[in-house]
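# Per-entry structural report
Letter by letter, the chains look like this.
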Amino acid sequence: MTTDTRASLTITRPDDWHVHVRDGQALHAVVGHTAAQFGRALIMPNLRTPVTTVAQAQAYGARIRAAVPAGLAFEPLMALYLTDNLDPSEIHRARKTQDAGTGARVVALKLYPAGATTNSDAGVTDLRKTYKALEAMQREGLLLLVHGEVTSPEVDLFDREAVFIDRQLIPLRRDFPGLRIVFEHITTREAAQYVNEAGPLTAATITAHHLLYNRNAIFSGGIRPHYYCLPVLKREAHRLALVQAATSANPRFFLGTDSAPHPAHLKEHASGCAGCYTAFAALEMYAEAFDAVGALNRLEAFASFHGADFYGLPRNQGSACLQRQAWVAPESFAFGEARLKPLRAGETLGWKLQ
Ligand code: NCD
Ligand code: ZN
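The present account deals with the structure reproduced in this document. (Residues numbered from 1 in each chain as written. Chains lettered and ligands numbered in written order. Predicted model: local features only at pLDDT ≥ 70, side-chain atom pairs only at ≥ 80, totals over all residues. Heavy atoms only, no water.)

## A few points about the site of ligand 1
If you check the shell around ligand 1, you find 15 residues, and the closest are R22, T117, L230, D258 and H262. Between an oxygen atom of ligand 1 and a side-chain N or O atom of R22, the distance comes to 2.8 Å. Here N46 contributes a side-chain N or O atom positioned 2.8 Å from an oxygen atom of ligand 1. Starting from 310 Å² of accessible surface for ligand 1 in isolation, the protein chains cover 100%. (Near = heavy atom within 4 Å. Polar contact = N/O pair within 3.5 Å; in protein donor to acceptor, adjacent residues only side chain to side chain. Areas by Shrake-Rupley, 256 points an atom, 1.4 Å probe, with all protein chains shown as cover.)

Structural data, given as structure tokens:
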């Protein structure tokens, strides 16, 4: 490994292919962070009332645009929340949003296994119930984004992702060979290996926090709820496999922060919410992870090219410049009536987006 001591890094303006911006006051509190960092972001549809129709997605997209601070060029890309009984005609309507001048673009559907994570009660109970919708997606060219965890109570929490590959993803991939699938926020060696071997239509997003931390972070010196997210952080061997995948130049791995804001008091709770808030310094955190293994020269493709290419969208114009500069992350942000405590609160970061 060569030590890269450059003082700054300029890359094409990147995209975030997986982010939660919520709605209402919370949306207003966080969307500026994402819009300052990224040209586009794929907005997750797990609102308290899930975004299951194109009409809802476009109304949500308009609320997002209205909440972006003036002067920032930012496009929210929308995903629908896949349910057991999604009407396949909705897929055709979704594809039509990709024609010019039709409002927010709906480019994908998100599969949440029922009960897997925040606001997933309306999620899919049995993949076979979605096969009509998946056929329509394959035909219309919409992507399937998967939260890749089984929820069976007999499966160890730390094995949920690896078991999902065998029980759900391999059969799904076989039954829909023409469907573009993104395995979201992968956390294991098994997932990285699966994607490496799965051919050109299977990709994965990787978060900054899964590149920077292993599961020790959740328990160091006491239980630390701000490191709790789903899928949960794994062992160091898995973190290393994710770093290897992200920095490997394989175009089927790309940036998705899974920045997932919750009020601090609901994370610091007897039954704390899952989700890490990273949007305020996402690129800085990715730069730190790439820099740590001497792979800064691989960051641009991971952050700015691979995702756009996989989605079949043009790469962004414009650029983002990171400086090697120490600064202290805020302790918290206003979040409606509550506070939002970010990952790295009060800690020093080594890169700063200009
Ligand atoms: C996400 C959230 O809070 O919406 N939480 C998380 O821990 N990642 C949901 C998700 O992406 O699983
Ligand atoms: Zn997420």
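## What about the coordination of the zinc ion (ligand 2)?
The protein atoms donating to the zinc ion (ligand 2) are H18 (NE2), H20 (NE2) and D258 (OD), with metal-donor distances spanning 2.0 Å. Because the angles between the 4 donor atoms bound to the zinc ion (ligand 2) fall within 93 to 140 degrees, the donor set is best described as irregular. In the primary structure, the donors to the zinc ion (ligand 2) are separated according to the pattern H-x1-H-x237-D. Taken as a pair, H20 in the loop between β2 (15-19) and α1 (24-37) and D258 in the loop between β9 (253-255) and α10 (264-267) lie far apart in primary sequence, 238 residues in all. On the accessibility criterion, D258 (5% relative accessible area) is buried. (Donors = N, O, S within 2.8 Å, 3.2 Å for Na, K, Ca; no water. Tetrahedral: all angles 85-135°; square planar, octahedral: opposite > 155°, others 65-115°. Helix = DSSP H or I, 4+ residues; strand = E, 2+ residues; numbered from the N terminus. Buried < 20%, exposed > 50% of the residue type's maximum accessible area, 1.4 Å probe, protein only.)

## Here we look at the side chain of H18
With respect to the helices and strands, the residue H18 is situated in strand β2. Engagement of the side chain of H18 in a polar contact is seen with the side chain of H20, the distance being 3.3 Å. A polar side-chain atom of H18 sits 2.8 Å from a polar atom in the side chain of E184. Beyond its immediate sequence surroundings of up to four residues, H18 is in contact with L42, M44, K110, E184, H185, G256, T257, D258 and S259. (Contact = heavy atoms within 4.5 Å.)

## Some points on a negative patch on the surface
A cluster of acidic residues, D156, D159, D166 and E190, forms a negative patch at the surface. For D159, a relative accessible area of 38% translates into the label partly exposed. (Patch = residues over 30% accessible without salt bridge, like charges linked within 9 Å, V, L, I, M, F, W, Y side chains within 5 Å. Salt bridge = Lys/Arg side-chain N within 4 Å of Asp/Glu carboxyl O. Lys, Arg positive; Asp, Glu negative; His and termini not counted. Charge placed at Lys NZ, Arg CZ, Asp CG, Glu CD.)

## A short note on the sheet that holds strand β1 (residues 8-12)
Spatial ordering of the open sheet is given by β1-β10-β13, a layout of 3 strands whose pairing is antiparallel. Sheet topology places β1 and β13 (348-353) at the edges, where each strand pairs with a single neighbour. Along the sheet, successive strands turn relative to each other by an average axial angle of 30 degrees, direction set aside. Examined bridge by bridge, strand β10 (residues 319-328) and β13 share 5 bridges and lie antiparallel to one another. Bridge pairing in β13 links W327 to L349. Most of the contacts of helix α11 (residues 282-292) go to β13, to which it runs at about 110 degrees, and overall it touches β1, β10 and β13. (Pairing = 2+ DSSP bridges. Axes fitted to C-alpha atoms, helices over the stretch in contact; angles between N-to-C directions.)

## Quick look at the packing of aromatic side chains
The geometry of an aromatic ring pair is captured by two quantities: the separation of the ring centres and the angle between the planes. Inspection of the entire model under this criterion finds 14 aromatic pairs. Ring centres of F254 and F310 lie 5.9 Å apart, and the angle between their planes is 40 degrees; on these two criteria the pair is classed as tilted. Separated by 56 residues along the polypeptide, F254 in strand β9 and F310 in helix α12 (residues 299-311) bring together distant segments of the chain. Assigned by exposure class, F254 and F310 land together as buried. Residues Y277 and F280 carry aromatic rings whose centres are separated by 6.3 Å and whose planes lie at 15 degrees to one another, so their mutual orientation is stacked. Pair check on accessibility: Y277 and F280 agree, each one buried. Taken together through their ring pairs, the aromatic side chains of W17, F254, F310 and Y311 make up a single cluster. Above the plane of the ring of F305 lies R315, whose end atom (NZ or CZ) is 4.0 Å from the centre. Above the ring of W327, the side-chain terminus of K352 is found at 4.1 Å from the ring centroid. (Phe/Tyr/Trp six-rings, centres within 6.5 Å; stacked < 30°, edge-to-face > 60°. Lys NZ or Arg CZ within 6 Å of the ring centre and 35° of its normal.)

## Comments concerning the packing of helix α3 (residues 89-96) against helix α4 (residues 131-140)
Look at α3 against α4: their axes get within 8 Å of each other, and the N-to-C directions meet at 25 degrees. What the angle tells us is that α3 and α4 run roughly parallel. In terms of crossing hand, the pair formed by α3 and α4 is right-handed. Side by side, α3 and α4 meet where I91, H92 and R95 of the first sit next to A133, A136, M137 and E140 of the second. (Parallel < 35°, antiparallel > 145°, perpendicular 65-115°, else oblique. Left-handed = near helix turned anticlockwise from the far one by under 90°.)

## With respect to α4
The α-helix advances 3.6 residues per turn, and as a result positions three or four apart in sequence lie on the same side. Restricting attention to buried positions, one finds in α4 the residues Y131, A133, L134, A136, M137 and E140. At its buried positions, α4 is contacted by α3, β5 (106-111), β6 (143-146) and α5 (160-175). G141 occupies a position one or two residues after α4 and carries a positive phi of about 80 degrees.

## Observations concerning the nonpolar core
Counting 102 residues, the largest nonpolar core has L144 and F183 as the members making the most contacts within it. The biggest single contributor to this core is α11, with 7 residues. If near-sequence neighbours (up to four positions away) are discounted, L144 is found in contact with L82, L109, L111, L134, M137, L172, L179, R180, I181 and V182. Grouped together as the second largest cluster of nonpolar side chains are 18 residues, L77, V107, V182 and F310 included. (Core = buried A, V, L, I, M, F, W, Y, C linked by side-chain atoms within 4.5 Å.)

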